[in-house]
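Coordinate analysis (summary)
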Amino acid sequence: MSVNQYRSVGSRVFDAINVAVLVGLGLITLLPLLYVLAGSFASESEIASRTFFLWPEKFVTDTYEYIFATDVFIRALLTTIGVTLVGTVVQLALTFTMAYPLAKRYLPGRALVLNLVIFTVVFSGGIIPTFLVVRDLGLLNSYWALILPLAINPFYLIIVKSFFQELPEALEEAARIDGCTEMGVFFRIVLPLSKPIIATFSLFYAVGIWNDYMSPLLYIDDSSKWTLQVLVRQLTGADAQNALSALETVFFPTQGLKFAVVVIATLPILCFYPFLQKHFVKGVLIGSVKE
């Protein structure tokens, strides 16, 4: 007999209620997303006449045709993609190369460096000191200003360090006996064993850079270097008409256009989640007892 046959009626009712509540909460979460998606394909008159809808009466693609025919949106989209790709690679490289030596207990000065890292988790420099550092380094109006100030997340660094500490030392010792250098051990032994955590933090870093609005707002004054998030904020805000005037376009943003840019800004991240979802399951097992 299966285990489910021994469950009481109350347990089954409790599970049914939990499922119903979770499904209801999931549908409530999806409603705003579906409304924005439907609004991006609806006509302006329909958006003005219907308070809320999840399916447009007539599908129109005028807003998307305008978006992909305008250099402003294409430039912002390509800028965001480029900054996200380069920034993710830089952040992963710096985080993993710093976490690996900190995972070695025999490293001189390890405790001091770890204490400094933990200190930055609790206390940050603040917006004004960070801005002054970026300005004095000559990074204003540079894409590097969107990458380097946030190159290493201290919380992620601690997690990666803990993962490296749990790897069997016998593997590294065997590689050294076979003639591997410390860099060889890192690239040929450690990194191949770290694929789940690499995939997980790649997504974390990429989402953080893609959704970053404050950094380009502070450090980028040139509208031609705006990222997609800044452009979305300008077009969905109260000063949307002035923003488009600054971008040298005469097209005033309709409601459909606002919905469409939100969809375009959200869709790439949603597309990547299913491909990396399996790695989150493996990431949950990090540090668990395997004997």
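Residues numbered from 1 in each chain as written. Predicted model: local features only at pLDDT ≥ 70, side-chain atom pairs only at ≥ 80, totals over all residues. Heavy atoms only, no water.

1. With respect to the UniProt feature "transmembrane region" (unreviewed entry) in the protein
This is how the line gets drawn: UniProt positions are given in the numbering used here, feature names are shortened, and annotations may be inferred rather than shown by experiment. Only DSSP runs of H or I covering at least 4 residues are called helices, and only runs of E covering at least 2 are called strands; the numbering of each starts at the N terminus.
Sites flagged by UniProt as "transmembrane region" (unreviewed entry) map to residues 12-35, 72-100, 112-131, 143-164, 185-210 and 257-276. From the first C-alpha to the last, residues 185-210 spans 32 Å; its make-up is 96% helix and 0% strand.

2. Quick word on the layout of surface pockets
Test applied: Throughout, the protein atoms alone are placed on a 1 Å grid, and a set of points is a cavity if a 1.4 Å probe fits but cannot get out or a pocket if it is open with protein on both sides within 12 Å along at least five of seven lines; lining residues have an atom within 4 Å of a point. Grid points are joined across faces, edges and corners, and a volume is the space filled by probe spheres set on the points. Each residue gets one of three labels, nonpolar for Ala, Val, Leu, Ile, Met, Phe, Trp, Tyr, Cys and Pro, charged for Asp, Glu, Lys and Arg, and polar for the others, Gly among them.
In this structure, the largest pocket encloses a volume near 650 Å³. Lining the largest pocket we find 22 residues, and of these Ser-124, Gly-125, Thr-130, Pro-149 and Leu-150 sit closest to its centre. Of all the elements, helix α11 (residues 214-219) adds the most residues to the lining of the largest pocket, at 4 residues. Of the residues in the lining of the largest pocket, the class split is 15 nonpolar, 6 polar and 1 charged.

3. Some remarks on the packing of aromatic side chains
Worth spelling out the cut-off: Paired rings are identified among Phe, Tyr and Trp, the last through its six-membered ring, by centres lying within 6.5 Å, and are further divided according to the angle between planes into stacked (under 30 degrees), edge-to-face (over 60) and tilted (the rest). Relative accessibility thresholds used throughout: buried, under 20% of the residue-type maximum; exposed, over 50%; partly exposed, between the two (1.4 Å probe, protein chains only). Here, a charge over a ring means that NZ of Lys or CZ of Arg falls within 6 Å of the ring centre while also lying within 35 degrees of the ring normal.
Across all of its chains, the model carries 19 aromatic pairs by this definition. A centroid spacing of 6.4 Å and a plane angle of 55° characterise the contact between Phe-155 and Tyr-156, whose relative ring orientation is tilted. Exposure remark for Phe-155: the relative accessible area of 48% places this residue in the partly exposed category. Taking the relative accessible area as the measure of exposure, Tyr-156 reaches 18% and is therefore buried. Members of the aromatic cluster, joined through ring pairs, are Phe-96, Tyr-100, Phe-163, Phe-164, Phe-186 and Phe-187. Against the face of Tyr-143 rests Lys-225, its NZ or CZ located 5.9 Å from the ring centre.

4. Remarks on helix α5 (residues 110-122)
Put simply, the test is: How far a helix is expected to stretch is found by multiplying one less than its residue total by 1.5 Å. Note that the arc is computed from the directions linking the helix axis to the C-beta atoms.
With 13 residues, α5 should cover 18 Å at 1.5 Å per step; its first-to-last C-alpha distance of 19 Å lies within 8% of that length. Those residues of α5 that fall on the buried side of the exposure criterion are Arg-110, Leu-114 and Val-117. The arc that holds every buried residue of α5, seen down its axis, measures 60°, which confines them to one face. Exposed and oriented more than 90 degrees from the buried face of α5 are Leu-112, Leu-116 and Val-122.

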